[in-house]
Amino acid sequence: MTAVSRVLNDIVSLRMSHCRAEQAAGAAQYHLAVQHYRACLEAAECREDCQAVQFFALKLSGCYEQMGLRDKAVQFRALANVEEDLPGLLG
């Protein structure tokens, strides 16, 4: 069973993945944070949870921004349907 399928099947695994992402982002380990946030985003998409998709897309956008990957950051901000000048969920 892959990490994403475990996250999809178990809300506790989703929460753990989110916590790992937060911890990695807090330690400026953005590549690792992106990996965990992407798993969370995929789980949110499969669950058709629009608010979670927006939340994780914004988290990914923030990580990519910190990594200097502005184009990727803009793509994930667009996925979250948030305008550049709005504070969004992370404000």
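Here goes a summary of the coordinates provided.

Conventions and cut-offs
- Residues numbered from 1 in each chain as written.
- Predicted model: local features only at pLDDT ≥ 70, side-chain atom pairs only at ≥ 80, totals over all residues.
- Heavy atoms only, no water.
- Patch = residues over 30% accessible without salt bridge, like charges linked within 9 Å, V, L, I, M, F, W, Y side chains within 5 Å.
- Areas by Shrake-Rupley, 256 points an atom, 1.4 Å probe, with all protein chains shown as cover.
- Salt bridge = Lys/Arg side-chain N within 4 Å of Asp/Glu carboxyl O.
- Helix = DSSP H or I, 4+ residues; strand = E, 2+ residues; numbered from the N terminus.
- Buried < 20%, exposed > 50% of the residue type's maximum accessible area, 1.4 Å probe, protein only.
- Core = buried A, V, L, I, M, F, W, Y, C linked by side-chain atoms within 4.5 Å.
- Contact = heavy atoms within 4.5 Å.
- Polar contact = N/O pair within 3.5 Å; in protein donor to acceptor, adjacent residues only side chain to side chain.

A word on a nonpolar patch on the surface. Taken together, the side chains of Ile11, Val12 and Met16 make up a nonpolar region of the molecular surface, amounting to roughly 280 Å² of accessible area. Here isoleucine 11 lies in helix α2 (residues 11-26). For isoleucine 11, a relative accessible area of 51% corresponds to the exposed category.

One finds Tyr37, Leu41, Phe56, Leu60, Cys63 and Tyr64 to be the most contacted residues of the largest nonpolar core, which totals 19 residues. For this core, the elements supplying multiple residues, two or more each, are α2, α3 (30-46), α4 (50-66) and α5 (70-79). The element that contributes the greatest number of residues to this core is α3, accounting for 8 residues. In contact with cysteine 63, not counting residues within four places along its chain, are Ala25, Tyr30, Ala33, Val34 and Tyr37.

Once that is clear, we can look at the side chain of serine 17. Looking at where serine 17 falls in the secondary structure, it is placed in helix α2. For serine 17, a relative accessible area of 4% translates into the label buried. Polar contacts involving the side chain of serine 17 include one to the main-chain carbonyl oxygen of histidine 36, which spans 3.4 Å.

A few words on the environment of serine 61. Relative to the assigned elements, serine 61 resides in helix α4. Sequence separation between serine 61 and alanine 78 is 17 residues, and the spatial gap between their C-alpha atoms is 9.2 Å. Those residues in contact with serine 61 that lie beyond four places of it in its chain are Ala73, Phe76 and Arg77.

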